[in-house]
Amino acid sequence: MDTLSPAVIGAKLIPPVNNSFHVHRLCTTHLKWRPLDKVPKKSRAFAVHSTSPVTDFTDSEWKTKYQKDFERRFYIPHLTDVLDNIAPIPSTFCLRSRTPVTENYVDGYPSDDKWNGYINNDDRVLLKVIRFSSPASAGAECIDPDCSWVEQWVHRAGPREKIYFKPEEVNAAIVTCGGLCPGLNDVIRQIVITLEIYGVKKIVGIPFGYRGFSDEEISEMPLSRKVVQNIHLSGGSLLGVSRGGPNISDIVDSMQERGINMLFVLGGNGTHAGADAIHNECRNRRIKVAVVGVPKTIDNDILLMDKTFGFDTAVEEAQRAINSAYIEAHSAYHGIGIVKLMGRSSGFIAMQASLASGQIDICLIPEVPFHLHGPHGVLRHLKYLIETKGSAVICVAEGAGQNFLEKSNAKDASGNIILGDIGVHIQQETKKYFKEVGVPADVKYIDPTYMIRACRANASDGILCTVLGQNAVHGAFAGYSGITVGICNTHYVYLPIPEVISHPKVVDPNSRMWHRCLTSTGQPDFL
């Protein structure tokens, strides 16, 4: 019998009701479950270890202590933490007046009436909105054995009444890293437009990711509203993308030479790790630089956020591939269509696309283990579908079933392990299996990955990108650095970068959304 696909295999983790790290995960991104044999019996149900002491649930004050630790971890860094000589000035962002910022208004718009469009620094957004009554509830996110309710608040995003940069002194830069993703141009466009509304005149794009800071053959690109006005009508990135780049010290050296004091970084987990390192290096050098991230991952695998830009577009565009596979399979005698979608460690696109299409019979994701062969394997179920329906369609995430493929230590420039092609493997194994059992099958394989990545953003992602770009600028002018902007429970928030990059967000196999997907496909457990 073949081995299990790589989900959560190995030491039994606590709590046993959920093996996807979803329980307690949204509120303790630095905490990891201990193996069962390492936890005292008395506290096995919810024992954890972290850089801070284990939560003692027998302490009557544990909630208060937990909330204080949460507030400490989710504090968003500010320039005044290390530079105490910075004085705030009235904001130059005011939609009451449509007059462009001139030298007469560099210290703020004079107005007899106060504009009520600013966000108070003490505004907060609730991180979790469901009060679970039991750890056994589907998708439960509990802190203690009783699933006690503990309020967890994060910082609300938006324009502040006081700002820490004079617009005429700002030299802003934008960089896009990693792979392509629908919506990159939308975010670039809104960052530039919002900067100009504040009164910023010096805006540049750093081409081809972090590489653009060190490659002397790559010239920075001057940006203005005129330059970016229509770039959102096309996919890709106006600035280009690349993986990897120079070391952090060289990047900050380049920023100082260019006079950059605002840096907007668009990218995923690895890119954000780089942004956080740049932020820390700037703090160590005590230079006034605001570094703000905008999370870009088509896989939707950034912690704490409802979704990341490009995800909705990917799900929508995947419908074309799934429908094509369905038509091919449905039109052929014993037709089988296989569609591989993005998702290195998280199966959100495959799950949502399968749910949206209503045409998928089998959905395979990295978080849920499965067998290909055997009496309960995928191939046996395919044979059943062919016998009963006459056709079948499979949707598989690229990171699923990697243990079936030859291991490789090769990595890309971002440090990601280069995955084997699970789609091709399933195609080959399917053909081989049906030949062995003497049942004719017509197998078609579709991989739309790069077609999807190159699309322009749809309307939903266009709105998300617009608001993210605007809030990134608001955060930088408010003096925050080392933060990223995202959407949480439909509200926009600022989060400290370390809290969102500790590990990828994954599909919870006990979540209602995965259960809905299983209800739609009707697939069994392939174990």
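Residues numbered from 1 in each chain as written. Predicted model: local features only at pLDDT ≥ 70, side-chain atom pairs only at ≥ 80, totals over all residues. Heavy atoms only, no water.

Attention shifts here to the overall build of the protein. Of the regular secondary structure elements, the protein holds 13 helices and 17 strands. The buried share of the protein, taken over its 527 residues, is 54%. Of the contacts formed within the protein by residues at least 6 apart in sequence, a portion of 76% connects residues at least 24 apart. (Helix = DSSP H or I, 4+ residues; strand = E, 2+ residues; numbered from the N terminus. Buried < 20%, exposed > 50% of the residue type's maximum accessible area, 1.4 Å probe, protein only. Contact = heavy atoms within 4.5 Å.)

This part takes up the nonpolar core. In this structure, I174, L195, M262, F264, F309 and F477 are the most contacted members of the largest nonpolar core, which totals 78 residues. Here I174 is in contact with I188, I191, V192, I203, V204, G205, I206, L223, L239, F264 and L266, once residues within four sequence places are set aside. One finds F213, V291, L304 and L495 within the second-largest nonpolar core, a separate group that totals 34 residues. (Core = buried A, V, L, I, M, F, W, Y, C linked by side-chain atoms within 4.5 Å.)

Let us look at the environment of V424. Within the element layout of this structure, V424 appears in helix α9 (residues 422-436). C-alpha of V424 to C-alpha of V339: the two residues are 85 residues apart in sequence and 9.9 Å apart in space.

Scanning all chains against the criterion turns up one disulfide. Two residues share a disulfide in this structure: C142 and C147, whose sulfurs sit 1.7 Å from each other. A torsion of -45° about the S-S bond marks the disulfide between C142 and C147 as left-handed. An identical accessibility class is assigned to C142 and C147; each is buried. (Disulfide = S-S within 2.5 Å.)

Moving residue by residue along a regular strand, the side chains alternate between the two faces of the sheet. Summarising burial for strand β7 (residues 171-176): six of the six residues are buried, a large majority. With burial as the criterion, each face of β7 is covered, one bearing N171, A173 and V175 and the other bearing A172, I174 and T176. At this point the chain moves from β7, through helix α2 (residues 184-198), to the parallel strand β8 (residues 202-206), and the crossover so formed is right-handed. Note: β7 against strand β10 (residues 262-267), five bridges, orientation parallel. Its bridge partner being in β10, A173 is matched across the sheet by L263. (Right-handed = clockwise from strand over helix to strand, strands pointing away. Pairing = 2+ DSSP bridges.)

In this section: helix α11 (residues 459-477). Between its first and last C-alpha atoms α11 spans 28 Å; for 19 residues at 1.5 Å apiece the expected length is 27 Å, and the two agree. Count one or two residues on from α11 and you reach G479, which has phi positive near 95°. (Expected span 1.5 Å × (residues − 1).)

A few words now on the environment of A356. Turning to its location among the elements, A356 is positioned in helix α7 (residues 348-357). The spatial distance from the C-alpha of A356 to the C-alpha of V315 is 8.0 Å, given a sequence separation of 41 residues.

All right, on to the pairing of strand β14 (residues 391-397) then. When you tally the buried positions in β14, you get seven out of seven residues, the bulk of the element. Neither face of β14 is open: one carries S391, V393, C395 and A397, the other A392, I394 and V396, and all of them are buried. Note: strand β12 (residues 335-341) against β14, seven bridges, orientation parallel. Bridged to V339 within β14 is C395. Strand direction decides the pairing type here: strand β13 (residues 362-364) and β14, joined by three bridges, are parallel. Each bridged residue has a counterpart across the sheet, and for L364 the counterpart in β14 is V396. Handedness of the crossover joining β13 and β14 through helix α8 (residues 378-388) is recorded here as right-handed.

In short, geometric facts, not functional conclusions.
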